[in-house]
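Examining the three-dimensional arrangement
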Amino acid sequence: HIPAQVSLYITHWCDERQIENPMHCSYYMALMLPHPLQRHFHILSLVSSLEITGFPYYYTLIGRTHPNNVAPLIKIANLLCTRFIRDAPLQWLANAVPVFSDAPITEVRLSGDVVPASPMEQWMTLLDAFPRLEHVAVEKVATHGDDTRTGLLEALLGPNPDSGMRCPRLRRLTLMCRDRANHNEERFTRLLSRVLQTRAAQDAKVDELVLLFEHERET
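Note that the structure is a prediction, hence the values are computed from the model and not measured.

Concerning the overall build of the chain
Assigned secondary structure in the chain consists of nine helices and eight strands. Out of the 219 residues belonging to the chain, those deemed buried represent 48%. Considering only residue pairs separated by 6 or more positions, the chain has 75% of its internal contacts joining residues 24 or more positions apart. About 11,200 Å² of surface is accessible on the chain, with carbon and sulfur atoms providing 52% of the total.

Now the structure itself:
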């Protein structure tokens with residue numbers, strides 16, 4: 001039983017045998033931790049900010065009791081081999097749910113060098129697990145394949161079976177945008193406009209929209 005004021009750092013290596021079944025790996029972070037989580041890790045009852053960070057060979061779930069870097073935190077790192085990155089990138093969001101589903105999460109951030117291109121279904125699972133969400137940030141975007149931002153916006157447009165609206169407390173969105181001559185942002189812009197208009201019409205408007213522009217370097 002670890003006190004809530006102690007920071008935790010947990011690291012796991014996903015080996016070849018586990019990767020034979022990528023769906024098993026998708027929730028492996030939760031399976032490697034003692035249960036019930038809240039009883040052993042008291043810090044989970046205080047975590048309000050969750051950061052999902054992706055890198056070429058590992059990704060982390062970081063739960064913070066306060067948005068700054070001083071307060072206690074829980075950091076769970078999963079070291080990956082190449083096959084896992086190729087076979088199961090879409091499970092990164094779902095990995096956070098069984099670990100933090102009972103935590104009072106109000107903020108979720110995606111960042112790092114590699115951000116999974118998570119589809120709408122993955123986002124719905126994540127957003128419905130954290131009904132207190134006030135801020136969602138996607139601070140990087142996939143360079144190929146599906147765009148995780150559009151998955152987020154599509155999930156926000158879909159209804160929540162329990163409350164009628166997904167993330168009713170959401171008041172802030174932070175999104176990375178591409179500023180490149182060869183990239184079309186039309187679908188993203190159209191979805192974002194629909195989200196803002198729909199939420200405003202249902203008395204749940206987004207009060208703050210932050211757009212981070214990624215500029216293409218000149219060579």
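Digging into the nonpolar core
Side chains of a nonpolar character, in soluble globular proteins, are inclined to be buried together. Counting 48 residues, the largest nonpolar core has Phe100 and Trp123 as its most contacted members. At six residues, the largest contribution of residues to this core is made by helix α6 (residues 92–100). Those residues within four positions of Phe100 in sequence are excluded, and the remaining contacts are Leu44, Val47, Leu50, Leu61, Gly63, Ile74, Ile105 and Phe130.

Observations concerning the packing of α6 against helix α7 (residues 120–129)
One way to put it is that α6 packs onto α7 with a least axis distance of 8 Å and a crossing angle of 25°. One way to sum up the angle between α6 and α7 is to call them roughly parallel. In the packing of α6 onto α7, the handedness of the crossing is left-handed. Residues Leu93, Ala94, Ala96 and Val97 of α6 touch α7, and the partners they reach there are Gln122, Trp123, Thr125, Leu126 and Ala129. Classifying every residue of the contact of α6 with α7 gives seven nonpolar, two polar and no charged.

Section: helix α9 (residues 186–201)
Taking 1.5 Å per residue, 16 residues should reach 22 Å; α9 reaches 23 Å between its end C-alpha atoms and fits that length. Turning to α9, its buried residues number three or more, namely Phe188, Leu191, Leu192, Val195 and Arg199. In an axial view of α9, the angular spread of the buried residues amounts to 100°, which keeps them on one side of the axis. Those residues of α9 that are exposed and aimed more than 90 degrees away from the buried face are Glu186, Gln197 and Ala201. Phi turns positive one or two residues past the end of α9, at Asp203, with a value near 60°.

Quick notes on the confidence of the model for the chain
Should pLDDT be low for a region, the predicted coordinates there are not to be read in detail. Per-residue confidence for the chain averages 80 on the pLDDT scale, and 75% of its residues sit at or above 70. For residues 86–90, every residue scores under 50 in pLDDT, and the model assigns this stretch nine contacts once sequence neighbours within four places are set aside.

Points about the pattern of salt bridges
A full pass over the atoms with the stated rule returns seven salt bridges. Ionic pairing is found between Arg109 and Glu107, a salt bridge with its closest N-O pair at 2.9 Å. For Arg109, a relative accessible area of 21% translates into the label partly exposed. Across the pair Arg187 and Glu154 runs a salt bridge, and its minimum N-O distance is 2.5 Å. On the criterion of sequence distance, the pair formed by Arg187 in helix α9 and Glu154 in helix α8 (residues 148–157) is long-range, its members being 33 residues apart. Members of the salt-bridge network, linked through shared partners, are Glu107, Arg109 and Glu139.

Focus: the packing of aromatic side chains
Going through the model one piece at a time under the given rule, you end up with zero aromatic pairs. Here the guanidinium or amino end of Arg149 rests over the ring plane of Phe188, the centre of that ring lying 3.9 Å away.

Overview of the pairing of strand β1 (residues 8–13)
The two faces of the sheet receive side chains in turn, since in a regular strand these alternate between them. Residues Leu8, Ile10 and His12 of β1 are buried on one face, while the alternating residues Tyr9, Thr11 and Trp13, pointing to the opposite face, are not. Looking at chain direction, β1 and strand β4 (residues 73–79) are connected through six bridges and run parallel. Note on β4: the bridge partner recorded for Leu8 is Ile74.

Describing the environment of Gly63
Inspection of the secondary structure assignment puts Gly63 in strand β3 (residues 58–64). In this structure, the C-alpha to C-alpha distance between Gly63 and Val99, residues 36 residues apart in sequence, is 9.9 Å. Every residue in contact with Gly63, bar those within four places of it in the chain, is listed here: Val47, Ser49, Leu73, Ile74 and Phe100.

A closer look at the side chain of Arg166
Following the sequence through the fold, Arg166 ends up in the loop between α8 and β7 (172–179). Judged by its relative accessible area of 2%, Arg166 is buried. A polar atom in the side chain of Arg166 sits 2.7 Å from the side chain of Asp128.

Cut-offs and rules
- Residues numbered from 1 in each chain as written.
- Predicted model: local features only at pLDDT ≥ 70, side-chain atom pairs only at ≥ 80, totals over all residues.
- Heavy atoms only, no water.
- Helix = DSSP H or I, 4+ residues; strand = E, 2+ residues; numbered from the N terminus.
- Buried < 20%, exposed > 50% of the residue type's maximum accessible area, 1.4 Å probe, protein only.
- Contact = heavy atoms within 4.5 Å.
- Areas by Shrake-Rupley, 256 points an atom, 1.4 Å probe, with all protein chains shown as cover.
- Core = buried A, V, L, I, M, F, W, Y, C linked by side-chain atoms within 4.5 Å.
- Axes fitted to C-alpha atoms, helices over the stretch in contact; angles between N-to-C directions.
- Parallel < 35°, antiparallel > 145°, perpendicular 65-115°, else oblique.
- Left-handed = near helix turned anticlockwise from the far one by under 90°.
- Nonpolar A, V, L, I, M, F, W, Y, C, P; charged D, E, K, R; others polar.
- Expected span 1.5 Å × (residues − 1).
- Arc of directions from axis to C-beta.
- pLDDT = per-residue confidence, 0-100.
- Salt bridge = Lys/Arg side-chain N within 4 Å of Asp/Glu carboxyl O.
- Phe/Tyr/Trp six-rings, centres within 6.5 Å; stacked < 30°, edge-to-face > 60°.
- Lys NZ or Arg CZ within 6 Å of the ring centre and 35° of its normal.
- Pairing = 2+ DSSP bridges.
- Polar contact = N/O pair within 3.5 Å; in protein donor to acceptor, adjacent residues only side chain to side chain.

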